[in-house]
Amino acid sequence: MKRTLIASCLCRGVKFKTSGEHRNVSNCHCIQCRKTHGSYGAYSNVKDKDIKYINKKTLKWFKSSNNAKRGFCNKCGASIFFKFKNSDNISIAAGMFNGKTGLKTMRNIFVSSKSDFYKITDKLPKYKRFSN
Ligand SMILES: [Zn+2]
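Below or above, wherever it landed, is the structure these notes cover. (Residues numbered from 1 in each chain as written. Predicted model: local features only at pLDDT ≥ 70, side-chain atom pairs only at ≥ 80, totals over all residues. Heavy atoms only, no water.)

**Brief notes about the coordination of the zinc ion**
So, point 1. Within the protein, C9 (SG), C11 (SG), C73 (SG) and C76 (SG) serve as the donor atoms for the zinc ion, at 2.3 to 2.4 Å.
So, point 2. Taken together, the 4 donor atoms coordinating the zinc ion and their angles of 105 to 117 degrees define a geometry best described as tetrahedral.
So, point 3. Relative accessible area serves as the criterion here: at 26%, C11 is assigned to the partly exposed category. (Donors = N, O, S within 2.8 Å, 3.2 Å for Na, K, Ca; no water. Tetrahedral: all angles 85-135°; square planar, octahedral: opposite > 155°, others 65-115°. Buried < 20%, exposed > 50% of the residue type's maximum accessible area, 1.4 Å probe, protein only.)

**Comments concerning the layout of surface pockets**
So, point 1. By volume, the largest pocket is sized at about 490 Å³.
So, point 2. Forming the walls of the largest pocket are 23 residues, and the residues nearest its centre are F82, F84, S91, I109 and F130.
So, point 3. Every element with two or more residues in the lining of the largest pocket is listed here: β3 (23-28), α1 (31-37), β4 (41-47), β7 (68-73), β8 (79-84), β9 (89-93) and β10 (105-109).
So, point 4. Its residues assigned to classes, the lining of the largest pocket comprises 10 nonpolar, 9 polar and 4 charged. (1 Å grid on protein atoms, 1.4 Å probe; cavity = no way out; pocket = protein on both sides within 12 Å on 5 of 7 lines; lining within 4 Å. Points joined across faces, edges and corners; volume = space filled by probe spheres on them. Helix = DSSP H or I, 4+ residues; strand = E, 2+ residues; numbered from the N terminus. Nonpolar A, V, L, I, M, F, W, Y, C, P; charged D, E, K, R; others polar.)

**Some details on unusual backbone geometry**
So, point 1. A positive phi angle, close to 65 degrees, is found at R12, a residue other than glycine.
So, point 2. Turning to its location among the elements, R12 is positioned in the loop between β1 (5-8) and β2 (14-18).
So, point 3. Even without glycine at this site, N86 takes up a positive phi of about 60 degrees.
So, point 4. Among the structural elements, N86 can be located in the loop between β8 and β9.
So, point 5. According to the relative accessible area criterion, N86 is exposed, its value standing at 79%.

**Focus: the side chain of T18**
So, point 1. Relative to the elements of secondary structure, T18 occurs in strand β2.
So, point 2. Overall, T18 belongs to the buried group, its relative accessible area being 0%.
So, point 3. Every residue in contact with T18, bar those within four places of it in the chain, is listed here: R3, T4, L5, V46, D50, I51, I92 and F97. (Contact = heavy atoms within 4.5 Å.)

**Remarks on the environment of F117**
So, point 1. Considering the arrangement of structural elements, one finds F117 in the segment after β10.
So, point 2. When the C-alpha positions of F117 and C28 are compared, they lie 15 Å apart, and in sequence the two are 89 residues distant.
So, point 3. The contacts of F117, once residues within four sequence positions are left out, are G38 and S39.

**Quick notes on the nonpolar core**
So, point 1. Judged by nonpolar contacts, the single largest core of 28 residues is most densely connected at V14, F16, I51, I80, F81 and I92.
So, point 2. For this core, the secondary-structure elements that each account for two or more residues are β1, β2, β3, β4, β7, β8 and β9. (Core = buried A, V, L, I, M, F, W, Y, C linked by side-chain atoms within 4.5 Å.)

**Comments concerning the environment of S19**
So, point 1. In this structure, S19 sits in the loop between β2 and β3.
So, point 2. By relative accessible area, which is 25% here, S19 ends up partly exposed.
So, point 3. C-alpha of S19 to C-alpha of R129: the two residues are 110 residues apart in sequence and 28 Å apart in space.
So, point 4. Among all residues touching S19, those that are not within four sequence positions of it are R3, T4 and D50.

**Some thoughts on the pairing of β1**
So, point 1. Bridge analysis of β1 against β2 gives 4 bridges, and the strand direction is antiparallel. For A7, the partnering residue across the bridge sits in β2 and is F16.
So, point 2. Counting the residues in the hairpin turn of β1 and β2 gives 5 residues, including R12, whose phi is positive at 65 degrees. (Pairing = 2+ DSSP bridges.)

That's the geometry; what it means functionally is another story.
Shown next, in the form of structure tokens:
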């Protein structure tokens, strides 16, 4: 869905505007999302070129695997971005968007890695691992 949104972390040290096509939200239950978000991660996705930073003083990147990195705020600790190496797209933790997003959750991915303290109760498609 094409839209323009403003997003920021908890302390607003990282603040940016997104435009263009926003992918609907994937709930990712992989181990890495669990460890960085405390539970599953809910991510939208846009083209790199559709992010304009308003503030990124506290944005830091962590190489979370051989093929991906995660962007976080080194002041408030928010987990903000997920980015595959060699991709023109960037995933944004959907909770960072301010106000109404108009986005919808569309699927669950990496459900084979989810923890056992919650159940997936929605009727959305479930994928054992990644899905494009
Ligand atoms: Zn922050």
